[in-house]
Structure formats: structure tokens, C-alpha cells
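Observations on the model geometry
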Amino acid sequence: MSFDLILFGGTGDLAWRKIMPALFQAFRHGSLPANGRIVGVARDDLSDAQYRALIKSRFDSVELAKRPSEEEFSRFAQMLGYLRMDLSSPADYARLAERLRQRSADVVVMYLATAPGLFTTVCEQIAIAGLNGAQTRVVLEKPLGHDLASNRAINETVRSVLSEKQIFRIDHYLGKPSVQNLFALRFGNAFFEPLWRREHIANIQITISEELGVEKRGAFYDTTGALRDMVQNHALQLLCAVGMEPPINSHADAIRDEKLKVLRSLKPWTAETLSQHVIRGQYAAGSIDGEAVPAYRSEAGVNPESQTETFVALRTEIANWRWAGVPFYIRTGKRLADRDAHIEVNFRPTPHAIFQSPQSGNVGNRLVINLQPRDGLELHLLAQGADKRHGRATQYLEPVQLDLDFDKRFGAERVGAYERLLLDVIDGRLNLFVRSDEQEEAWRWVEPILDRWRHDTAGPRHYAAGTWGPSAASAMIARDGYCWSEEC
Ligand code: BG6
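Residues numbered from 1 in each chain as written. Predicted model: local features only at pLDDT ≥ 70, side-chain atom pairs only at ≥ 80, totals over all residues. Heavy atoms only, no water.

For the chain, the count of helices and strands is 15 helices and 17 strands. Rg of the C-alpha trace for the chain: 24 Å, near the compact-globule value of 23 Å for 488 residues, within the 12% margin. Projected onto its principal axes, the C-alpha coordinates of the chain cover approximately 80 × 50 × 50 Å. Put simply, the chain has 488 residues, and 53% of those count as buried. Total accessible area on the chain stands at roughly 21600 Å², and carbon and sulfur atoms take up 52% of it. Across the chain, the centroid of the 59 positively charged side chains sits 2 Å from that of the 62 negatively charged ones. (Helix = DSSP H or I, 4+ residues; strand = E, 2+ residues; numbered from the N terminus. Rg over C-alpha atoms; globule rule 2.2 N^0.38 Å. Buried < 20%, exposed > 50% of the residue type's maximum accessible area, 1.4 Å probe, protein only. Areas by Shrake-Rupley, 256 points an atom, 1.4 Å probe, with all protein chains shown as cover. Lys, Arg positive; Asp, Glu negative; His and termini not counted. Charge placed at Lys NZ, Arg CZ, Asp CG, Glu CD.)

Below, the discussion takes up the sheet that holds strand β1 (residues 2–8). Backbone-to-backbone hydrogen bonds pair the strands of a sheet. The strands run either parallel or antiparallel. Read across the open sheet, the six strands follow the order β3-β2-β1-β4-β5-β6; overall the sheet is parallel. Single-partner strands in this sheet number two, and they are β3 (80–84) and β6 (167–169). Pairs of neighbouring strands in the sheet enclose a mean axial angle of 20°, with direction left out of account. Where β1 and strand β2 (residues 35–42) come together, seven bridges link them in parallel fashion. Note on β2: the bridge partner recorded for F3 is G36. Most of the contacts of helix α5 (residues 119–128) go to strand β4 (residues 107–112), to which it runs at about 155°, and overall it touches β1, β4 and β5 (136–140). (Pairing = 2+ DSSP bridges. Axes fitted to C-alpha atoms, helices over the stretch in contact; angles between N-to-C directions. Contact = heavy atoms within 4.5 Å.)

Our next topic: the state of the cysteines. Across all of its chains, the model carries one disulfide by this definition. One disulfide bridge connects C483 with C488, the sulfur atoms lying 1.8 Å from each other. Negative torsions about the S-S bond denote left-handed disulfides, and the value of about 120° found for C483 with C488 makes this one right-handed. (Disulfide = S-S within 2.5 Å.)

What follows concerns the pairing of β2. With respect to burial, β2 is a largely interior element, seven of its eight residues being buried. Taking the sense of rotation as the criterion, the β-α-β connection linking β1, helix α1 (residues 13–28) and β2 turns out right-handed. Inspection of the sheet shows β2 paired to β3 by five bridges, in the parallel sense. Note on β3: the bridge partner recorded for I38 is L80. (Right-handed = clockwise from strand over helix to strand, strands pointing away.)

With that settled, consider the site of the ligand. All residues in the neighbourhood of the ligand are listed as K142, H172, Y173, K176, E210, R217, D229, M230, H234, K334, R339 and Q372. Contact distances for the ligand include 2.7 Å between an oxygen atom and a side-chain N or O atom of K142. In this structure, an oxygen atom belonging to the ligand sits 2.6 Å away from a side-chain N or O atom of D229. For the ligand, the accessible surface in isolation is 400 Å², of which the surrounding protein chains cover 83%. Here the shell around the ligand gets three residues from one element, more than from any other, and that element is helix α9 (residues 225–243). In terms of residue class, the shell around the ligand is built from two nonpolar, three polar and seven charged. (Near = heavy atom within 4 Å. Polar contact = N/O pair within 3.5 Å; in protein donor to acceptor, adjacent residues only side chain to side chain. Nonpolar A, V, L, I, M, F, W, Y, C, P; charged D, E, K, R; others polar.)

Core analysis: the largest hydrophobic core is formed by 115 residues, its most contacted members being F76, Y111, W196, I343, L367 and I369. Here this core gets 11 residues from one element, more than from any other, and that element is α9. What I343 contacts, discounting residues up to four positions off in sequence, is L182, I204, Q205, I206, L238, V242, L367, V368, I369 and L371. Membership of the second largest hydrophobic core comes to 28 residues, among which are L83, M85, L96 and V158. (Core = buried A, V, L, I, M, F, W, Y, C linked by side-chain atoms within 4.5 Å.)

Once that is clear, we can look at a nonpolar patch on the surface. On the surface, L381, V400 and L402 cluster together to form a nonpolar patch covering roughly 230 Å² of accessible area. As for its placement among the helices and strands, L402 is situated in strand β16 (residues 392–405). (Patch = residues over 30% accessible without salt bridge, like charges linked within 9 Å, V, L, I, M, F, W, Y side chains within 5 Å. Salt bridge = Lys/Arg side-chain N within 4 Å of Asp/Glu carboxyl O.)

An α-helix turns once every 3.6 residues. As a result, residues three or four positions apart point the same way. Among the residues making up α5, those that are buried are F119, V122, C123, Q125, I126 and A127. On its buried face, α5 sits against β1, α4 (90–101), β4, β5 and α6 (148–161). G130, located one to two residues past α5, shows a positive phi value of around 75°.

With that settled, the discussion passes to the packing of aromatic side chains. Per the stated rule, a full pass over the model turns up 20 aromatic pairs. Taken together, a centroid distance of 5.0 Å and an interplanar angle of 35° make the contact between Y51 and Y82 tilted. Linking Y51 in helix α2 (residues 48–58) with Y82 in strand β3, this pair joins segments that are 31 residues apart in sequence. Ring geometry for F59 and F73: centres 5.9 Å apart, planes at 70°, overall edge-to-face. Of the two residues, F59 is situated in the loop between α2 and α3 (70–77) and F73 in helix α3; the sequence distance between them amounts to 14 residues. F73 shares its class with F59; the two are buried. Here the aromatic cluster, defined as three or more aromatic residues joined through ring pairs, consists of F24, F27, F59, F73 and F76. The ring of Y173 carries K176 above its face, with NZ or CZ at 4.6 Å from the centroid. (Phe/Tyr/Trp six-rings, centres within 6.5 Å; stacked < 30°, edge-to-face > 60°. Lys NZ or Arg CZ within 6 Å of the ring centre and 35° of its normal.)

Inspection of the entire model under this criterion finds 43 salt bridges. Among the ionic pairs, E98 bridges to R101, the shortest N-O distance being 3.3 Å. Residue E98 and its partner R101 are both found in helix α4; the two are separated by three residues, about one turn of the helix. Given a relative accessible area of 60%, R101 falls into the exposed group. Here R197 ties to E193 by a salt bridge, and the two come within 3.4 Å at their closest N and O atoms. Judged by its relative accessible area of 26%, R197 is partly exposed.

Here it is, written out as C-alpha cells:
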């Protein structure tokens, strides 16, 4: 099979941080079809050779194990080419068409790693240039728009020139092996399904915390914020994976139909829940791993009076028979105490306590699905401890933990998210991509939060970098009688 991959935004941050390293890994693993061309597209005036040299230099900042040797890079580089384009110029699309006509590949992937503001222009122009034939697949990076209306406008334009099965809306969290494992846990095993409901589960917590700040993306991030960057997509996709009904099969639409139902069942916001159940924060100066780090407002590209949130914690419910009344908490932020993504499923305690436990009262069991940095499962149970002083069993129950480490079991070098998703695009598999109706529903749900923040002059609460965010996030969950895992 032959493919052409046209990488719009070919000299940008995403291209060299994620896409090129993923393409190289697929090449190294022998999973990238050999008969492929990868053409970087950007405004810079570069020759093919200069582009290859640029990409090669970028690999120096990739972790050692994923860096190509000279020999590997020279073989990989044979696939790489470059085309200078002004994305608003029809003549430049004609030159692209010319380049593609040099051979007729089975699959043509147009990867839009550009600012979302350019998505509609590029899609319209590729159609005018006649490049939207059946062999074309378009990959759209998130965030797709900045609110419901802009998302719809993009989707309408894209769908007017391409069919839904040609459109790959990427959410790289869906490509993570740990998220695949969540689907496997729920739908490949019978063990938890009978317990996976309101009768047995007290609450579910989704945490995606990062130690990193906004890095070199200050200007982009300052007009985006954590709600659009992480909650509207990654966190809601995790919520769908944990809350959805079992799909009838593993086809893309069967999975996407079930995720859509979860998004449609999210409890609508009221003035009260918007004020009580959504906390936004912004990092102030602090320290991470003993190193002083600046405040968000001092980062390059950020407005010194910015009101943009770098942290969000919220509480919601899925209003259906399975989940009615069970709180789902989402928490995500930059410059937090640790890099950690996990989902915690807190079970209800036994209905009647005959033992005492070291914690106050009757504690429930806990299943922790670790997404990163470790990929694994922890099952927290209670067991009878031993009273060492008297050699007698105590009446106290002690917490014990069953620990499954998937990195150890399957090797930490499993196929990464971007590598997996890029190969899926080339193969035409849509399971791990987001459909337009899912995306619109997610925007519809976050929009009241954006509206409220627009009119709320109080702005985000400040938290010191290196902490777990504003204390209001702990107070919110404490009102329900629960705590975030690191605080319990
Ligand atoms: C991206 C966000 O989608 O996900 C970034 O735009 C964030 O702000 C990143 O840092 C986190 O991804 P990961 O895979 O490192 O958890």
C-alpha cells in the first residue's frame, strides 16, 4: 500500500514534538508502509534537504531510546520532502496537486497540525484543487474551534467537501495504551461490569495533572485555557470511556454512539452548580522538583493580566439509570505537584460494618486506573492485619493493594498514542477518533461554563506552582464528604 502524508504546520511545535517522532517510531517498528512519502508544508522557504536537516536537528531533543541513529535517519529521510505554501493561496494548492500527481498513492493523508483558524480555509482549498477524492483522509487536531458555534462552522465546511469517514478528529488520549486498557477492563472482562453502577459506586474521580507549564505555547494557550485544552476533549473522553454502556461491537460507530449518549446525559448546568461545582485556577510562581518556576502571567506570550485558567476542577453527574446521583469529578491543571493521570473508582462501603478499620468509619474499596506515567491497575481492599505486639489477630482491617503494572507486563516500549493513531489513519480505522456529534455535544456542555467565566470579574483563583491547585477544589469535593486521593 502506498501513502502520501501532507503535514500542514510541518515546522510547528506539534510536528516535531509528536508527529515526526511517532512517524519515525512506526518506521523503526516496520509498521509504516514502505511506499510512503511525508511532505512537510509551511511558509518557510526550505528545500527538501534543508527540511530533512531541520527535522534531524529536532530529534536531538527526543529521548535517547527514541532517537534515530545516523543510518536510521538517512533511511527515514528518504521519505521526507517539503513544500512551501501560503495556505490562503489557491496557486499553492495547485502546486501541491502537481506534487501529488507525480504518483497516485492509495491513501493521501492531509494532517492539519495548524492553528484551528486555518482548518476551514485548508479544507475548502483542497476541495477547489480537486484533492478531496475518496483516497483522501483529513486529520484535524484539537481544539476544533473555540466554542460550539465555531466548532459547528468548521465541521459544516469540512463535511461539505469530505464524507464523515474521511475525517479523523484526533484526541491523542484515545490512542494511549492505558486508555485502550480501560476499554479492555470494562468490555473484555466480566468481573467489574455487575458492580459498575450507582448501587455499588460512590463516586468517580478523573485527574490529569501536569508538572509542565505552558512551555513555548503561551500565546496559543492564553486564548485557550484548560477547559478548552483538556476538559472539552481529553477529560470528557475519559469520562465517556468510564461511563458508557457496553457497545454492541467494536466498530467505530457503535463505540461513538455510546460515548455520545454519555455526553447527552451529562447533567445540564444551573446557576447554582456553575458557581458551586466549577473551580478555575491559575498558577502563581512556585517550585517544581525544587526548582523555582515563574507565574503563568510571566510566561512568554501570556498577557500579564491574563484571566486564563490553567486549572479546572468540576463535579458533574451522568443522568441515566446506571449513574443517577453518582458524582463524577474532573480535575486537570498545569504546574501541579506531580505528572499523573488516573481514574479512581470509589466503591460504596459494605452495608453493615462488623469490623473496625483504621480510617474513620466504614471505608469502601477503590479501583485506580493509572494512565500515566505508569499504566496499570490498583485494587485497594481491606484485609485483617496482625497485632504484632501480642501475636494475635486484631479486629482492625488494614488497607492492602493489588497492583497490576502493564508497563512491566507488556514492556514500556508499547506503541505510543500518536504512532497508533497515525497508523489508524493510514489504515482507515476510525474507532479511536471523535465524531462531529460527540464533539458538538462536548462543546454544548462546556459552553455555559465559558459564558459564566466571561461575565465573572473575580477571575481564576491563584495557586502556587507545585501544589494541587486552589484549595477551593478540595472544599468542593469535601462538601460531598469525599476527598482527592492525595488528600485522603
Ligand atoms: C495536549 C494539550 O492536548 O495534551 C497540552 O494541548 C497537554 O496542553 C497535553 O500538555 C498533555 O498530553 P500528555 O499526553 O502529555 O498527557
